[in-house]
Amino acid sequence: MLNIPEAVHQRYQRLKSELNHHNHAYYVLDDPSIPDSEYDRLMRELQDIEQQYSELRTPDSPSQRVGGVALDSFSQVKHEVPMLSLDNAFSDQEMSDFDRRIKDRINLESSQHLAYACEPKLDGVAVSLIYEQGLLMRGATRGDGSVGEDITANVRTIKSIPLRLRGDDFPELLEVRGEIYMPREGFNEFNTKARETGDKPFVNPRNAAAGSLRQLDSKITATRPLEMCAYSVGQYQGSQKPDSHFAMLRMLGTLGFKINQHIKQVEGIDACEDYYQQLASLRDQLDYDIDGIVYKVNDFKLQERLGFVAKAPRWAIARKFPAQEEMTRLLDVEFQVGRTGAVTPVARLEPVFVGGVTVGNATLHNADEINRLGVCVGDTVIVRRAGDVIPQIVKAVLEKRPQGAQPIIFPERCPVCQSSVKRTEGEAVARCTGGLFCGAQTKEAIKHYASRKAMDIDGLGDKLVDALVDHDLIYSVADLYELKLEKLINLERMAQKSAENLLNSIEASKQTTLPKFLFSLGIREVGEATAQTLANNFGTLDTVIAATAEQLLEVEDVGPIVARHIVDFFRNPDNLSIVEALRKSGVQWKDIDQTAQALPLKGQTWVLTGTLETMSRAEAKDRLQQFGAKVAGSVSAKTHAVVAGPSAGSKLNKAQALDIQVLTEQSLIDFLDNL
Ligand code: 5U1
């Protein structure tokens with residue numbers, strides 16, 4: 001270090017500590033403290049210094065999370081304090097038995113309440129992390145509880161694991177235990193990409209976490225969206241240990257670990273049951289998989305008195321939730337045709353209770369997925385249902401294949417209109433080529449046209465659209481405006497009053513806006529936001545219709561694929577005649593004034609967060625968009641302003657950290673009224 005200027009040395013230390021601070025805010029607290037661009041700038045400065053003065057680089061540098069050289073194998077490591085497993089409980093009765101057993105052992109009256117720590121049981125991979133003098137020295141899997149594998153290089157790439165403990169008040173030797181998991185969003189993104197590129201998707205987030213940690217090349221692990229949540233300690237030397245589980249978790253939080261947000265300390269077994277019910281109803285909304293609740297006697301002295309049986313502590317138990325994966329039989333596969341002609345194989349299953357609901361159908365995605373799974377009709381399959389994602393078949397159980405199981409043949413002709421089914425080179429999806437000649441595509445196009453965010457035709461639900469098309473009362477969206485009361489009331493279950501209401505809603509839908517009309521046409525890849533941008537940029541429908549791909553590409557957010565879909569849509573004479581018929585029926589909107597005066601918020605991105613009390617969120621969004629603003633779902637350095645209502649959370653925090661102006665709902669209303 002002799003020839004390193006003092007100023008460089010100091011700047012380097014400062015950068016390391018600043019980057020560690022921002023890393024902690026972003027990955028552990030989910031509360032970013034600076035824009036990504038600023039973080040990248042600090043990181044580049046740190047890397048430049050390390051490049052020039054490599055002696056400065058230490059293993060705890062924030063730059064050292066990208067993975068290193070690949071290993072030949074993982075070495076084995078011994079756990080000085082065994083990593084225990086947990087006994088399971090599957091009913092309230094088993095939970096009361098657990099509570100009673102503990103009370104009997106410590107001679108507590110049955111009427112007295114024990115203090116329990118309750119925490120969600122994350123479905124991932126258990127890990128042990130050893131810190132010596134505050135520095136991460138070793139990461140290991142649980143293995144058989146006594147001997148695991150050394151995965152230090154891989155755990156170092158996980159940003160929510162501190163490479164150095166925060167602060168300076170920590171034991172000389174600390175072993176932190178917890179769960180490494182892949183959040184659902186990262187898992188779904190990974191699998192969607194894998195299916196598109198023909199790679200093998202993971203069966204579930206737990207396999208995804210395990211598979212990512214099993215990589216001998218830590219550079220691969222570094223690309224996987226893994227997180228770690230701490231839940232206990234093993235070895236602990238050199239300072240006074242906290243006296244309860246809850247106090248220990250608080251300490252781990254202070255030292256820089258992510259601690260689950262839903263942990264709670266309760267008194268007595270009834271409160272444990274209430275907690276179980278609360279978490280069961282939250283389960284689908286969490287952004288990670290949990291398979292139950294872990295209850296631990298909170299007091300460490302009591303834990304010590306209770307001890308262990310075999311490999312499980314007497315003082316803890318896991319109350320399991322209904323499984324998110326179950327076995328059932330694949331009875332049949334049907335092929336559904338969507339609005340854009342996409343032909344999707346849908347599995348018909350013997351109904352099975354999974355993830356808290358009874359499931360009878362699951363998606364098989366596409367032909368590649370069927371081939372990859374090698375599944376046949378008649379097979380026993382594993383079905384997964386987690387969160388609000390549609391149930392999936394993740395595996396065929398080949399050992400249980402019955403005689404006569406039938407291979408699934410992807411149709412070459414559309415099951416609805418018999419047009420040929422084609423797959424574009426490089427796309428996983430196969431599509432019916434029938435366009436609006438195809439009854440299925442027609443129905444889906446009409447359902448989309450009538451939907452709330454499009455033309456908002458109240459009373460025109462999916463079943464009614466099916467009936468109108470099946471009874472040859474309509475063939476396209478334009479026919480909606482020709483419907484007559486006499487025909488409608490002949491439909492099954494259509495009373496005079498409902499028919500009148502429907503006709504009134506159809507009539508009301510004639511007064512619309514250009515963005516809504518553009519969205520309602522169902523052009524591929526043109527969602528609400530793109531429709532709004534097109535309307536703001538072109539002002540009238542005729543200019544959108546006449547736009548060339550090059551002109552469309554000049555519009556922000558319109559890429560070559562979207563531009564091609566728009567051009568193709570308006571070059572199709574059938575689509576143009578439907579648009580014309582709609583205009584003739586009286587569907588109308590105000591063209592958008594293109595002057596800067598009319599679009600004073602053009603180029604600005606706004607974010608709405610929290611509860612709005614006067615306007616609905618959709619109304620606020622509409623009004624902002626009418627003035628040319630883009631309304632986004634997340635805050636970034638590019639955000640112009642954030643409108644925050646009561647109960648605003650992390651988006652508001654981020655806006656404040658980034659120094660972005662924040663408006664109340666009332667100040668937004670005043671602002672818009674004065675534009
Ligand atoms: N949340 C949580 N998961 N989990 C798993 N806590 C927890 N504790 C465990 C395990 C195996 O074991 C301790 C009781 C030692």
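Residues numbered from 1 in each chain as written. Predicted model: local features only at pLDDT ≥ 70, side-chain atom pairs only at ≥ 80, totals over all residues. Heavy atoms only, no water.

### A closer look at the overall build of the protein
Quick note on the threshold: Note on conventions: DSSP H or I runs of at least 4 residues are helices, E runs of at least 2 residues are strands, and numbering of each starts at the N terminus. Any residue under 20% of the maximum accessible area for its type is buried, any over 50% is exposed, and the rest in between are partly exposed; the area is computed with a 1.4 Å probe on protein chains only. We call two residues in contact whenever any of their non-hydrogen atoms come within 4.5 Å of each other. Only the protein chains shown count as covering a residue, and every accessible area follows the Shrake-Rupley method with a 1.4 Å probe. Charge assignment: positive for Lys and Arg, negative for Asp and Glu; neither His nor the chain ends contribute. For the purpose of locating charges, the reference atoms are NZ of Lys, CZ of Arg, CG of Asp and CD of Glu.
Counting secondary structure elements, the protein contains 24 helices and 26 strands. Principal-axis analysis of the C-alpha atoms places the extent of the protein at approximately 85 × 70 × 55 Å. Among the 675 residues that make up the protein, the fraction classed as buried is 49%. Summarising the internal contacts of the protein: among those between residues at least 6 apart in sequence, 68% fall at separations of at least 24. For the protein, the accessible area works out to roughly 33,600 Å², and carbon and sulfur atoms hold 49% of it. Computing the positive centroid from 78 side-chain charges and the negative centroid from 94, the protein places the two 2 Å apart.

### Details of the nonpolar core
Selection criterion: The nonpolar core is taken to be a set of buried Ala, Val, Leu, Ile, Met, Phe, Trp, Tyr and Cys residues, with the residues joined through side-chain atoms within 4.5 Å.
Counting 55 residues, the largest nonpolar core has Ile457, Leu480 and Phe570 as the members making the most contacts within it. Here this core takes six residues from helix H20 (residues 560–571), the largest share from any one element. Look past the residues within four positions of Ile457 in its chain and what remains in contact with it is Tyr449, Ala450, Leu480, Tyr481, Leu502, Ser505, Ile506 and Ser509. Residues Leu163, Ala230, Met248 and Leu249 belong to the second largest nonpolar core, which totals 34 residues.

### Looking at the pairing of strand S15 (residues 342–354)
Using the following cut-off: The rule for pairing is simple: two strands pair if DSSP sees at least two bridges between them.
Where strand S14 (residues 325–337) and S15 come together, seven bridges link them in antiparallel fashion. Along S15, the bridge assignment pairs Leu330 with Leu349. Examined bridge by bridge, S15 and strand S22 (residues 430–432) share two bridges and lie antiparallel to one another. Its bridge partner lying in S22, Val343 is registered against Ala430. Strand direction decides the pairing type here: S15 and strand S16 (residues 357–363), joined by six bridges, are antiparallel. Following the sheet pairing, Val352 is matched in S16 by Val359. Hairpin remark: S15 followed by S16, antiparallel, with two residues in the connecting loop; positive phi at Gly355, about 60 degrees.

### With respect to the site of the ligand
To keep it simple, the criterion reads: Note on definitions. A residue lies near a molecule or strand when any single heavy atom of the residue is within 4 Å of it. For this analysis, a polar contact is any N or O atom pair within 3.5 Å, provided that within protein one partner can donate a hydrogen and the other can accept it, and provided that sequence-adjacent residues contribute only side-chain to side-chain pairs.
Surveying the vicinity of the ligand reveals the residues Leu84, Leu86, Glu119, Pro120, Tyr231, Val294, Lys296, Trp315 and Ala316. One nitrogen or oxygen atom from the side chain of Glu119 is found 2.9 Å from a nitrogen atom belonging to the ligand. Here a nitrogen atom of the ligand and a side-chain polar atom of Lys296 are 2.9 Å apart. The fraction of the free accessible surface of the ligand (380 Å²) that becomes covered by protein chains is 87%. When residues of the shell around the ligand are traced back to their parent elements, those giving at least two are strand S3 (115–122) and strand S10 (290–297).

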